[in-house]
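Topology and contacts: notes
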Amino acid sequence: MTAHGDQTRTENRGLVEMGSGHWLDALLGRTPRRPAALAAPPAGSALEPVPGDRGLPFIGMGVHTVRYGPAFLLALMRRHGPVSWWRAFGRKVVAVSGPEAVQVVLANRDKAFASGWPAVIGPWFDGGLLAMNAPGHLADRRLVQAAYGEEALDGYLRTMAEDVEERLDRWPVGRRFRLVDAARELSGQITTRAFLGVPHEGVGRKVVDAAEECIRAETALARVRVPGTLWHRAHRARTWLVRYLHQALPDARARAGEDFLSVLSRVDGFTDRQVALHALFTVIASHDTTTAATLASVYFLGKHPAWQERARAESAGVAPRDAAGVDRLTTLDLVVRESIRLVSPSPVLMRVAVKDTDVLGHHIPAGQLVSVCTGVNQLMPELWSRPDRFDPGRFDEDRAEDRGHRLAWAPFGWGAHKCIGMRLGMLKVKATVDALLRRYEWSYPESYEAPWRFTSLPAPADGLPTVLRRI
Ligand code: HEM
């Protein structure tokens, strides 16, 4: 099955090309690029400097980054090659795109790269796996892995399913509502009940609000603790979250529950503070990523009724809905994979060079921030047939376009930090969309293209107005 009608010629252009229809696009199109080399390679080396664009003073190409996301980085790669740099809001960033270059950085054979996330999103997730480096990272990851066994996943899924069924029954029918807000609220409820074992109302909501406060601080330009600023609010939120999780541990351990905090609290080898910090990062890592993946899947199913019907027919025949049952939703699996190929919840992975190094013969100086653009790989015509097209069948066994290169499809990352919650994340997204399919149908006009924005994680700027019809 492929996409149909005129949509095939124009669909998703905004995801693969920088826009041209809006006055802001016209303005951004005229921004002077001011090409320049990043840093001179050591004398006598055969290395090349990294080519790139300075853009406007201070802002650089920062607005392009937020407005066009991977499409901007794809254009940067076309202009300068797989290793290039650009400036965004005062910061110089090296972009590494294309499967070979991405593999060099993520494989990290000469240990030249460390996690670059703390430099970008701030200190809010310190102590979580993604902010850690070798050797402590691997030791902690092995311990955390105990909370992702099949038995534990079935437990989380049971609680998630209750929340999904209860919430979706209350979504408005026959009138337009903002799907972005509803999906975020649902994910928040799942986060508090399945991950922390507390009711969503009251303290659960406070946990999610505090976590979102920390995520929002990524966009803060003024990184100072002045009351009223995003940075200050994130500081307060993190302090409260760590204290809350710390205090919640004795109860979580004693109740021997099915929630993530309770399971993790019973893992031998961690101090209470370590458990609290890993749980804090897990809340952050799971909440927005799965919301973005759910939104993308619902959006594309609304644009492609044939796929929606096929997925619904499959949903009707699957029971029970434990992890093995959700695994049997194979059409939905193709749909979610294709949706997060086109709209990758985390399209860049941040790293920092801890010593002078090189990528494909380009000199990267110590201290340089590097953006590993897996989201660009997922849109490259060299790796995918008609990459702008929503075409879940490309993941079928007989086509297997994702196997063209091990880094063609990497929405969950690759290497030492590859998403530890990949299976859980897929289960959560599939369980949510499956419950939606069993209750409602929905569609978006052919003329509508969701205005994806990439401020923090991708979301449609208009809230994705949606009308559900009961089936
Ligand atoms: C569709 C949903 C999800 C997507 C697209 C996603 C994506 C990613 C990506 C790209 C990374 C690697 C980042 C890097 O290398 O810089 C990552 C790491 C991570 N993810 Fe996910 N994630 C999802 C869901 C989840 C869920 C549900 C959980 C936990 C319950 C989770 C927990 C983590 C953790 C703990 C890490 C850090 C692993 C490490 O550093 O060793 N993720 N995720």
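Reading guide: rules and limits
Residues numbered from 1 in each chain as written. Predicted model: local features only at pLDDT ≥ 70, side-chain atom pairs only at ≥ 80, totals over all residues. Heavy atoms only, no water. UniProt positions renumbered as here; feature names shortened; annotations may be inferred. Helix = DSSP H or I, 4+ residues; strand = E, 2+ residues; numbered from the N terminus. Salt bridge = Lys/Arg side-chain N within 4 Å of Asp/Glu carboxyl O. Buried < 20%, exposed > 50% of the residue type's maximum accessible area, 1.4 Å probe, protein only. Lys, Arg positive; Asp, Glu negative; His and termini not counted. Contact = heavy atoms within 4.5 Å. Phe/Tyr/Trp six-rings, centres within 6.5 Å; stacked < 30°, edge-to-face > 60°. Lys NZ or Arg CZ within 6 Å of the ring centre and 35° of its normal.

The name given to the chain in an unreviewed UniProt entry is Cytochrome P450, and the organism recorded there is Saccharothrix yanglingensis. A UniProt comment under Cofactor (unreviewed entry) is attached to the chain, and it reads "heme".

1. Considerations on unusual backbone geometry
Cis geometry marks the peptide bond from Ala 134 to Pro 135, where omega comes out at 0°. Turning to its location among the elements, Pro 135 is positioned in the loop between α7 (117-121) and α8 (136-144). Although it is not a glycine, Arg 34 adopts a positive phi angle of roughly 50°. Phi is positive for Asn 108, close to 50°, though the residue is something other than glycine. Within the secondary structure, Asn 108 sits in the loop between α6 (99-107) and β5 (113-115).

2. Structural notes on the pattern of salt bridges
Inspection of every chain in the model, using the stated rule, returns 33 salt bridges. Between Arg 399 and Asp 391 there is a salt bridge, with its nearest N and O atoms 2.8 Å apart. Taken together, the salt bridges that share partners define one network made up of Glu 165, Asp 169, Arg 321, Asp 434, Arg 438 and Arg 439.

3. Remarks on the side chain of Arg 141
Mapped onto the fold, Arg 141 is located in helix α8. Asp 140 provides the closest opposite charge to the buried, salt-bridge-free Arg 141, at an N-O distance of 11 Å. Aside from chain neighbours lying at most four places away, what touches Arg 141 is Leu 129, Ala 416, His 417, Lys 418, Cys 419 and Ile 420.

4. Observations concerning the packing of aromatic side chains
Pairs of aromatic rings are described using the distance from one ring centre to the other and the angle between the two planes. Enumeration according to the criterion identifies 18 aromatic pairs in this entry. For the pair Tyr 299 and Tyr 448, a centre-to-centre distance of 6.2 Å together with 75° between the ring planes defines the contact as edge-to-face. Remark: Tyr 448 occurs in the loop between β11 (440-441) and β12 (452-453) and Tyr 299 occurs in helix α14 (residues 272-303); sequence separation between them is 149 residues. Each residue in the set Tyr 299, Phe 300, Phe 390, Tyr 444, Tyr 448 and Trp 452 is aromatic and connected to the rest through ring pairs, giving one cluster. Across the ring face of Trp 85, the terminal group of Lys 92 is positioned such that the distance to the ring centre comes to 5.6 Å. The lysine or arginine in question, Arg 341, covers the ring of Trp 384, its NZ or CZ lying 5.2 Å from the ring centre.

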